[in-house]
Amino acid sequence: MSTRVLVPTGALGITFDRAALARGIAAKPDIIAVDGGSTDSGPFSLGSGTSKYSRAATKSEWRDLMLARAEAAVPLVIGTSGTCGTDATVDWMFEITRELASELGQRLKVARLYSSQSPARVAMALAAGQITPLSPAPDISAEALGAMSNIVALAGAEQVQAALATGADIVIAGRTTDTAIISALPLARGDHAGAAWHGAKIGECGAILLEFDREGFTVEPLVENACCTPHSVSAHMLYENSDPFILYEPGGHLDVTCARYDALDARRVRVTGSRWVPGRYTVKLEGATLAGYQTSILAVLRDPHYVAHAQKWADELHAFLACQIAQRMDLDDDAYSLEFRLIGMNSALGHMENRSGEPVEVGILGLITAPTAEMAEEIGKLMNPYVLHYPLTKDEELPTFAFPYSPAQSERGPLYEFALNHVMELEHPMQAFRLEVCEVGHA
């Protein structure tokens, strides 16, 4: 007996190949698993408890997956719903599911797996010595935890298995590890544990069909003309993972040191020899906290002299503005943050940039961060005329630069930062999670 897991895409909301999905359904999978998000785009989604992706795009893709699920008559599981996996985004995804069930005429049992953690509960675990920092990790305290806008724990296979055990047609999970939603069913059915976790890691980005058994797994791409090779499959262990052989998950770690990769044909690869090593049952914690409010201002330098000396201009303008803000607003440097990024020169890498060229123009992006939105906006307005006209030398004619839009400053709203990179030990897997099951739609 084997278990077939269809992974149609790497994330819901970024589109996927419908023909590949059809090929996957034709292969008669036992479950459809899709990831709903990650921390790749920064802390805003977690901090605000909202989805990074469009509701319309998410609903459109979820519609196709719900139709595919009905055709295959197998469970459909989404992990890290709404890109951050908070309780709010689980409910957001549930509302989309309920709408679609009504529109499609489907009657469904839906299990919701919630991953959000209260600051008080995490503070109790901290006091009991059940929280361990990862590297790097900020110092935390009960006070710091209380200031966090959202905290989630990453569910593993056991929590997803509990949701599947309810007989749910659809599982909408909060924050999970990317591999948990794929490995859960093979593990529950007694397939090789090392293979289950290893295959889940290889297949997490889709569009992939994974077949697990008692000795290993086989991976096959679903996109036409795509192929898997021993090199491409083994290399995926380095995707979002610093160690090419070890992957930590709740309850242990995967060791692929002795894994063997064999090409079955031009498209498929068979993997054996992966090993699951049980350990303490810990779940990773992610948290975000409000870091202030931000205003941005953007100007474009096109004069060749200013383009050639853009960094010098930005540095001198920064020093001048610090004096102006201190004099006019009575604010010390540590009361706010101001930085300039030179788009076209070093906006991505800053001082680490080691390439240079001769751009036609340079965008000057100013970022002001302050404790309140009003302060950030006021600093942005104070900066406006100087960003437009500040000269390199005292004797030259007053320059005028380009503002690509009006007003030049934009209020970006709240700014969040990650505030947790820790693991929490649990006495049993469901201790930090909760399940709710209900029926939606109509026959």
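So, how was this worked out
- Residues numbered from 1 in each chain as written.
- Predicted model: local features only at pLDDT ≥ 70, side-chain atom pairs only at ≥ 80, totals over all residues.
- Heavy atoms only, no water.
- Disulfide = S-S within 2.5 Å.
- Pairing = 2+ DSSP bridges.
- Helix = DSSP H or I, 4+ residues; strand = E, 2+ residues; numbered from the N terminus.
- Core = buried A, V, L, I, M, F, W, Y, C linked by side-chain atoms within 4.5 Å.
- Buried < 20%, exposed > 50% of the residue type's maximum accessible area, 1.4 Å probe, protein only.
- Contact = heavy atoms within 4.5 Å.
- Salt bridge = Lys/Arg side-chain N within 4 Å of Asp/Glu carboxyl O.
- Phe/Tyr/Trp six-rings, centres within 6.5 Å; stacked < 30°, edge-to-face > 60°.
- Lys NZ or Arg CZ within 6 Å of the ring centre and 35° of its normal.
- Axes fitted to C-alpha atoms, helices over the stretch in contact; angles between N-to-C directions.
- Parallel < 35°, antiparallel > 145°, perpendicular 65-115°, else oblique.
- Left-handed = near helix turned anticlockwise from the far one by under 90°.
- Polar contact = N/O pair within 3.5 Å; in protein donor to acceptor, adjacent residues only side chain to side chain.
- 1 Å grid on protein atoms, 1.4 Å probe; cavity = no way out; pocket = protein on both sides within 12 Å on 5 of 7 lines; lining within 4 Å.
- Points joined across faces, edges and corners; volume = space filled by probe spheres on them.

Draft legend 1. Quick look at the state of the cysteines. What the rule picks out here adds up to zero disulfides. C227 supplies the cysteine sulfur nearest to C228, a cysteine that is in no disulfide, at a spacing of 7.2 Å.

Draft legend 2. The pairing of strand β11 (residues 252-255), seen in detail. Where strand β10 (residues 246-249) meets β11, four bridges bridge the pair, whose relative direction is antiparallel. In the strand pairing of β11, E249 is matched with G252. Sheet topology note: the β11/strand β14 (residues 275-278) ladder contains four bridges and is antiparallel. Residue pairing across strands places D255 opposite R275, the latter belonging to β14.

Draft legend 3. Just the nonpolar core, in detail. Formed by 37 residues in total, the largest nonpolar core has its most connected members in L164, I182, L210, F217, V219 and V233. Counting only elements with at least two residues in this core, the list comes to β1 (3-7), β2 (31-37), α7 (157-164), α8 (180-188), α9 (193-203), β8 (208-212), β9 (216-221) and β13 (269-272). In contact with L164, other than residues within four places in its own chain, are I31, P75, V77, V171, A184 and L185.

Draft legend 4. Seen up close, the pattern of salt bridges. A full pass over the atoms with the stated rule returns 28 salt bridges. Residues D30 and R189 are paired through a salt bridge, measuring 3.4 Å at the closest nitrogen-oxygen approach. One end of the pair, D30, is in the loop between α1 (18-26) and β2; the other, R189, is in the loop between α8 and α9, with 159 residues separating them in the sequence. Measuring nitrogen to oxygen at the nearest pair gives 3.3 Å for the salt bridge that ties K381 to E377. With K381 and E377 both in helix α13 (residues 373-389) and four residues apart, the pair spans about one turn of that helix.

Draft legend 5. Representation of the environment of L382. Tracing the chain through its elements places L382 in helix α13. For the pair L382 and R328, spaced 54 residues apart in sequence, the C-alpha to C-alpha distance is 8.9 Å. In contact with L382, not counting residues within four places along its chain, are L321, Q324, I325, R328 and M329.

Draft legend 6. Main features of the packing of aromatic side chains. A full pass over the atoms with the stated rule returns seven aromatic pairs. Both rings, one in F44 and one in Y416, keep their centres 5.7 Å apart while their planes meet at 65°; by these two values the pair is edge-to-face. Here F44 is found in helix α2 (residues 44-48), whereas its partner Y416 is found in strand β18 (residues 409-425), with 372 residues between them in sequence. Residues Y306 and F401 carry aromatic rings whose centres are separated by 5.0 Å and whose planes lie at 70° to one another, so their mutual orientation is edge-to-face. You can see Y306 sitting in helix α11 (residues 304-308) and its partner F401 sitting in the loop between α13 and β18, a full 95 residues away along the chain. Feature note: the residues Y306, W313 and F401 constitute an aromatic cluster, connected by ring pairs. In this arrangement the basic side chain of R18 is found over the ring face of F16, its NZ or CZ atom lying 4.2 Å from the centre. R112 extends its terminal NZ or CZ atom over the ring of F94, reaching a point 4.0 Å from the ring centre.

Draft legend 7. Region of interest: the sheet that holds β11. Strand order in the open sheet formed by three strands is β10-β11-β14, and the pairing between neighbours is antiparallel. Every other strand in the sheet has two partners, leaving β10 and β14 as the edge strands with one partner each. Geometrically, the sheet is characterised by an average inter-axis angle of 25° between neighbouring strands, direction not taken into account. Packing against the sheet, α9 makes contact with β10, β11 and β14, and its axis sits at approximately 105° to β14.

Draft legend 8. Just the packing of α8 against α9, in detail. Following both chains from N to C, one finds α8 and α9 inclined at 150°, their axes separated by 8 Å at the closest point. Taken together, the axes of α8 and α9 lie roughly antiparallel to each other. Handedness of the crossing formed by α8 with α9: right-handed. Of the residues in α9, those touching α8 at A180, I182, S183, P186 and L187 are A193, A196, W197, A200 and G203.

Draft legend 9. Inspection of the pairing of strand β17 (residues 362-370) at higher detail. Among the nine residues that make up β17, nine are buried, leaving the element largely enclosed by the rest of the structure. Residues V362, I364, G366, I368 and A370 of β17 are buried on one face, and the alternating residues G363, L365, L367 and T369, pointing to the opposite face, are buried as well. Note that strand β15 (residues 282-301) and β17 share nine bridges and pair antiparallel. When the bridges of β17 are listed, I297 appears paired with G366. Here strand β16 (residues 337-343) runs beside β17; their pairing, made up of seven bridges, is antiparallel. Of the residues in β17, the one forming a bridge with R341 is L365.

Draft legend 10. Main features of the environment of R4. Assignment of secondary structure puts R4 in strand β1. R4 gets classed as partly exposed once you look at its relative accessible area, which sits at 27%. With 308 residues separating them along the chain, R4 and K312 place their C-alpha atoms 59 Å apart. Each residue touching R4, except ones within four places of it in the same chain, is listed here: A27, K28, P29, D30, I31, L209, L210 and E211.

Draft legend 11. Seen up close, the side chain of T295. Relative to the elements of secondary structure, T295 occurs in strand β15. Within the local environment of T295, its side chain forms a polar contact with the backbone nitrogen of E377, the two atoms lying 3.4 Å apart.

Draft legend 12. Layout of the sheet that holds β13. Here we have 10 strands laid out as an open sheet, ordered β12-β13-β9-β8-β1-β2-β3-β7-β4-β19, and mixed in their pairing. Edge positions in the open sheet fall to β12 (260-263) and β19 (434-441), since each of these has one partner strand only. With direction set aside, neighbouring strand axes in the sheet form an average angle of 20°. In this structure, strand β4 (residues 107-114) lies alongside β19, joined through eight bridges in antiparallel fashion.

Draft legend 13. View of empty space enclosed by the protein. Following the criterion strictly, the structure yields one cavity of 30 Å³ or more and no others. Taken as a whole, the largest cavity encloses approximately 40 Å³ of empty space. In terms of lining residues, the largest cavity is bounded by L12, G36, S51, Y53, T58, I78, G82, T83, W92 and M93. A per-element tally of the lining of the largest cavity places strand β3 (residues 76-83) first, with three residues.

Purely spatial values, then, with no claim about function.
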